[in-house]
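Structural characterization, general
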Amino acid sequence: EAAGGSCVFTSEWDRFACQTYRANHRDDHEIAGDITTVPPCEIPDHDVLVGGFPCQPFSLAGVSKKNSLGKAHGFEDPTQGTLFFDIVQILREKRPRAFLLENVKHLQRHDKGNTFKVILQKLRDELGYHVDFRVINAASFVPQKRERIFIVGFQEPSGFDWNSVAIPDVTNGPSIGSILHSKTEEPE
């Protein structure tokens, strides 16, 4: 929005996440629920897709927990692990000029790097996007030390270079108090 764009579609199934989203964003569109039930052709055309897919099947903690419970992880997790492929279907159908995806840092190393190879193969080879990625400590933007991988892709060569992106120093990130409303304050 600060760069002149507007959101045309939002998908979130968690009721509390939807409440938080509505409190922070005054978009006039409905929030679609489970993205797996939305046919990609019904998503409005857009220039940039921004999103993420569940990190639990790929994170160190998530994989460890799933292993201890004898459950599948990565792309083998039938509930959360396949949502990346829903993003691929949306990209294939809508062909936005660019995308930005985020996930856990460990995504690069999950399954000895094979998971990330599949992701890059889908985005680069199958869809033809020019893709780059970088791990960034999100403490520069949120009050939590959390290293995340950000994957960008462009339909056309853009000259984009992660090294030219100014990432604020983590020591200057926001405090938890600076982002929460007081108990007596009502959000606008």
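Residues numbered from 1 in each chain as written. Predicted model: local features only at pLDDT ≥ 70, side-chain atom pairs only at ≥ 80, totals over all residues. Heavy atoms only, no water.

1. Quick word on unusual backbone geometry
- At Asp-111, a residue that is not glycine, the phi angle is positive and equals roughly 50°.
- Mapped onto the fold, Asp-111 is located in the loop between β4 (98-104) and α4 (114-126).
- Asp-111 gets classed as partly exposed once you look at its relative accessible area, which sits at 44%.
- Its identity is not glycine, yet Lys-112 carries a phi of approximately 55°, on the positive side.
- Mapped onto the secondary structure, Lys-112 falls in the loop between β4 and α4.
- Since its relative accessible area comes to 79%, Lys-112 is described here as exposed. (Helix = DSSP H or I, 4+ residues; strand = E, 2+ residues; numbered from the N terminus. Buried < 20%, exposed > 50% of the residue type's maximum accessible area, 1.4 Å probe, protein only.)

2. Regarding helix α3 (residues 83-94)
- Taking 1.5 Å as the rise per residue, α3 with 12 residues should run 16 Å; its terminal C-alpha atoms sit 17 Å apart, in good agreement.
- Among all positions of α3, only Leu-83, Phe-84, Ile-87, Val-88, Ile-90, Leu-91 and Lys-94 are buried. Take α3 and look down its axis: the buried residues cluster within an arc of 165°, on one side only.
- In this fold, the buried residues of α3 make contact with β3 (48-52), β4 and α4.
- One or two steps after α3, the chain reaches Arg-95, where phi turns positive at roughly 50°. (Expected span 1.5 Å × (residues − 1). Arc of directions from axis to C-beta. Contact = heavy atoms within 4.5 Å.)

3. A word on the packing of α3 against α4
- Two elements in contact, α3 and α4, have axes whose closest approach is 11 Å; the angle formed by their N-to-C orientations is 5°. Between α3 and α4, the interaxial angle falls into the category roughly parallel. Note on element contacts: α4 touches α3 through Val-118, Ile-119, Lys-122, Leu-123 and Glu-126, opposite Phe-84, Phe-85, Val-88, Leu-91 and Arg-92.
- Here the residues of the contact of α3 with α4 sort into seven nonpolar, no polar and three charged. (Axes fitted to C-alpha atoms, helices over the stretch in contact; angles between N-to-C directions. Parallel < 35°, antiparallel > 145°, perpendicular 65-115°, else oblique. Nonpolar A, V, L, I, M, F, W, Y, C, P; charged D, E, K, R; others polar.)

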